[in-house]
Protein chains: 2
Amino acid sequence: MLSKSRVKYIQSLYHKKFRDEANSYVIEGPKVVAEFLRESPRNIQEIYGVKTWLNNNRHLLTEAVQDITTIVEEHELQKISSLSAPNQVLAVVTKNIPEAFSPNGKLSLMLDNIQDPGNFGTIIRIADWFGIKTIICSEDCVDMYNPKVIQSTMGSILRTNITCHNLEQFCSAHTGINIYGATLSGQSLYTFPLPVTGILLIGNESKGIRRELLSFCTSQVTIPRFGNAESLNAAVATGIILSHFVKPV
Amino acid sequence: MLSKSRVKYIQSLYHKKFRDEANSYVIEGPKVVAEFLRESPRNIQEIYGVKTWLNNNRHLLTEAVQDITTIVEEHELQKISSLSAPNQVLAVVTKNIPEAFSPNGKLSLMLDNIQDPGNFGTIIRIADWFGIKTIICSEDCVDMYNPKVIQSTMGSILRTNITCHNLEQFCSAHTGINIYGATLSGQSLYTFPLPVTGILLIGNESKGIRRELLSFCTSQVTIPRFGNAESLNAAVATGIILSHFVKPV
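This is a predicted model, so every value here is computed, not measured.

Definitions and cut-offs
- Along each chain, numbering runs from 1 in the same order as the chain's sequence is written.
- To label them, take the chains in the order written and letter them from A, then take the ligands in the order written and number them from 1.
- A pLDDT threshold of at least 70 governs which residues receive local features in this predicted model, and a stricter bar of 80 or more applies before side-chain atom pairs are shown or counted, although totals over entire chains, interfaces and linings include all residues.
- By definition, residue pairs are in contact when their C-beta atoms, positioned from the backbone, come within 7 Å.
- Under the DSSP-based scheme used, a helix requires at least four consecutive residues in state H or I and a strand at least two consecutive residues in state E, with every element numbered from the N terminus.
- Three classes are used, and their members are as follows: Ala, Val, Leu, Ile, Met, Phe, Trp, Tyr, Cys and Pro are nonpolar, Asp, Glu, Lys and Arg are charged, and the others, Gly among them, are polar.
- Partly exposed residues are those falling between the two cut-offs: more than 12 but fewer than 20 other C-beta atoms within 10 Å of their own, whereas 20 or more means buried and 12 or fewer means exposed, with C-beta atoms placed from the backbone.
- Arc definition: it is the arc formed by the directions from the helix axis to the C-beta atoms.
- Throughout the structure description, domain borders are defined by an automatic or database domain assignment.
- Between any two strands, pairing holds if DSSP finds at least two bridges.
- To obtain each axis, a line is fitted to C-alpha atoms, and for helices this fit is confined to the stretch in contact; angles are then taken between N-to-C directions over 0 to 180 degrees.

Draft legend 1. Representation of the interface of chain A and chain B in the model. Contacts between the two partners involve 28 residues from chain A, matched on the other side by 28 residues from chain B. For the side of chain A that touches chain B, the secondary-structure elements that each account for two or more residues are helix 7 (117-129) and helix 11 (234-246) of chain A. The biggest single contributor to the side of chain A that touches chain B is helix 11 of chain A, with 6 residues. Residues belonging to the side of chain A that touches chain B are distributed by class as follows: 14 nonpolar, 8 polar and 6 charged.

Draft legend 2. Quick peek at helix 3 (residues 30-39) of chain B. Residues and elements named next belong to chain B. Those residues of helix 3 not exposed but buried are Val32, Val33, Glu35 and Phe36. Down the axis of helix 3, the buried side of the element spans an arc of 155°, and every buried residue falls inside it. Those residues of helix 3 hidden inside the fold are in contact with strand 1 (24-28), strand 2 (44-49) and strand 4 (89-94).

Draft legend 3. Geometry of the domain arrangement of chain A. Residues and elements named next belong to chain A. In terms of domains, chain A is made up of domain 1 (4-94) and domain 2 (107-246). With centres defined by C-alpha atoms, the gap from domain 1 to domain 2 works out at 30 Å. Within the residue set of the side of domain 1 that touches domain 2, elements represented by two or more residues are helix 2 (16-22), strand 1 (24-28) and helix 3 (30-39). At 5 residues, helix 3 tops the list of elements feeding residues into the side of domain 1 that touches domain 2. The class makeup of the residues in the side of domain 1 that touches domain 2 is 6 nonpolar, 2 polar and 6 charged.

Draft legend 4. Just the sheet that holds strand 9 (residues 198-202) of chain A, in detail. All names here are of chain A. Overall, parallel pairing links the 6 strands, which are arranged 7-6-5-9-8-10 in an open sheet. The open sheet is flanked by strand 7 (161-165) and strand 10 (219-222), the only strands paired with a single partner. Across the sheet, the axes of successive neighbouring strands diverge by a mean angle of 35°, strand direction being ignored. Pairing analysis gives 3 bridges linking strand 8 (residues 179-188) to strand 9, with the strands arranged parallel. By the bridge assignment for strand 9, glycine 181 is matched with leucine 201. Packed on one face of the sheet, helix 11 meets strand 5 (107-111), strand 8, strand 9 and strand 10 and runs near 155° to strand 9.

Listed below in structure tokens is the structure:
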């Protein structure tokens, strides 16, 4: 049974302002909730699941988890879900405390003004696939705890350290690190000198990397075009470049 | 001024059944409409644009185009648009007659049961970027003329020859062509023997390639995973594999 005040609270978490105030966000669906239960149970504050979910996931429900789980009806889940078709279970979780950036000779990702939540989430999932642990976002990127971002990450948000910065200040403070800007007029990806360590910088979906940041790029990389499309989707471009950058040489 | 019957007709084109009957579909936004006006003006039956669009695009408006263009008010465009924020102009266009498949020693793309319109459109755009001219779809893929597919292709639908088939029958009829199945347990993309000619086969977003088709694959290719994400988005995977397959060797 869901109280009115609980419904109101969870619905409020679909707005950035209230997520920031509560330091909390919402995850949905059996897959993502199971990943959190396995990898980060202490971040979970409350779980709301329908009976089917409970019956299918008894193996995940330790005593501690049972204490924070409420059985709800489909129509109650509908009220607190952000999905048009709610998916069995929803949980309120505490935001992670991000670690400070340390270059440590690995490859990181920097995102300048990514606006589409689906793109942002997909990029986090791609980073997780290719073993990239750190994502540095501009302050004008869509909020990483936006429900559509969370949904598209498919649980990868758990394994990625994401911090928001004024990117010009960040770059000024980290001279000496290679920054590879993904642009339409850089060096061909296919002949780009490998291995790379530093930061791959991906720009906004329609405007690309802002001019003020381009000057911080130590080089620019371009995915060669063989046909006629005007551009590639930002997440697709991220996947293609990362796949070349991380391959063994 | 838009008549009620025109509104009804255009709205009907957001349903596959009526698109099939009318052999027509809808494109939206200045960018896509401009691409059609430049590359395929004879396919355009009707254009509905607001005054601003007309004023900004006088150079595209030949006499023939003017004859089929109706100036509409924002609130009229709202009525016939599939977008929550209509974008200046909309056109009704005739479907292309697809060319029959011919292997011709090039690389083509085959899609098995792609369900998400955004993914399908993005894949068409990726194919166009990498110069892939032919896409062979299973009959249970989302309709290529679905408005969300068209929107995500960003005009690339114009330059890509897309046909729908029973893929098992298609593969049976085209033995002797290499079919590279993208799976999670194939040969590493990084050591895959190049150059490739034939067909890259991409499977459904959650289920992958259906079992009946796997047996037609002459080999399987896998994007190596360095981190922990369970999978990659289907469009992203297509971009990554194509980028490796088309690179000069």
